[in-house]
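# What the coordinates show
Below, each chain spelled out in residue letters.
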Amino acid sequence: MPVKKIGILISGSGTNLQSLIDEINKGNINGEIAVVISNKKEAYGLERARLYNIDTVFINEKKYESFELFNEAIIAELKSHEIDLVVLAGYIKILSHKFVEEFKNKIINIHPSLIPSFCGKGYYGIKVHQAAIDYGVRISGATVHFVDEGADTGPIIFQEAVKVSDSDTAETLQKRVLVLEHRLLPLAVKMYCEDRLYSEGRRVVIR
Ligand code: GRF
């Protein structure tokens, strides 16, 4: 089976990116990271990628006249690397209609809650965990899913839960959920790269 070429979009520290780099380097994933793209120049994830000689690109939204043109620039970069799979690993922007069309069923996102709770527009980073704490939920978790037109609405690949205790803060919850994320995202990418994920309507079947 040919090795899948992966393009990763980030906006921040890139610990999820690191988990993918580590699993690939251990030989556990039939894929290679061809490019890491960030919409933030200072994203530490770019540093992480450079340490492993992975191509990195900063795409500055301000340089483009519209959101669509900004997305076109990302699409062009991914295409120039002949990407088979796009992974959103802490990428905080939504994708344009054209982007989702262009890479239909080839985009995976990690979200730090149990979708459909605490997800969608405005729910990113620590805000997700603060919302879970403020609501008073007793469990939260992580979700890996395919990306469709909506925000965090695509078919779910994996989910796992953590208990929320009385003493939890958004920060302590975030830490525990990240541990799950670092396991679930590489697992989903591994399955994808082995052609083991099949969408049947909203359900993802693993073969
Ligand atoms: C993670 O919690 C991810 O689920 C969310 O943003 C955070 C990014 O963390 N979308 P990192 O940049 O991978 O460290």
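Since the model is a prediction, treat every value here as computed from it, not as a measurement.

### Some points on the site of the ligand
Neighbouring the ligand are the residues Gly-12, Ser-13, Gly-14, Thr-15, Asn-16, Gly-90, Ile-110, Pro-112 and Glu-181. Within the side chain of Ser-13, one N or O atom sits 2.7 Å away from an oxygen atom of the ligand. In isolation the ligand offers 370 Å² of accessible surface; the protein chains occlude 87% of this area. Residues of the shell around the ligand, tallied by class, amount to 2 nonpolar, 6 polar and 1 charged.

### Side note on unusual backbone geometry
Ile-115 connects to Pro-116 through a cis peptide bond whose omega is 15°. Note on placement: Pro-116 falls in the loop between strand 5 (107-111) and helix 5 (126-135). If you check the backbone angles, Asn-53 has positive phi at about 55° while not being a glycine. Along the chain, the position of Asn-53 falls in the loop between helix 2 (44-51) and strand 3 (55-58). In this structure Asn-53 comes out as exposed when scored by relative accessible area, which is 73%.

Rules used in this analysis
Residues numbered from 1 in each chain as written. Predicted model: local features only at pLDDT ≥ 70, side-chain atom pairs only at ≥ 80, totals over all residues. Heavy atoms only, no water. Near = heavy atom within 4 Å. Polar contact = N/O pair within 3.5 Å; in protein donor to acceptor, adjacent residues only side chain to side chain. Areas by Shrake-Rupley, 256 points an atom, 1.4 Å probe, with all protein chains shown as cover. Nonpolar A, V, L, I, M, F, W, Y, C, P; charged D, E, K, R; others polar. Helix = DSSP H or I, 4+ residues; strand = E, 2+ residues; numbered from the N terminus. Buried < 20%, exposed > 50% of the residue type's maximum accessible area, 1.4 Å probe, protein only.

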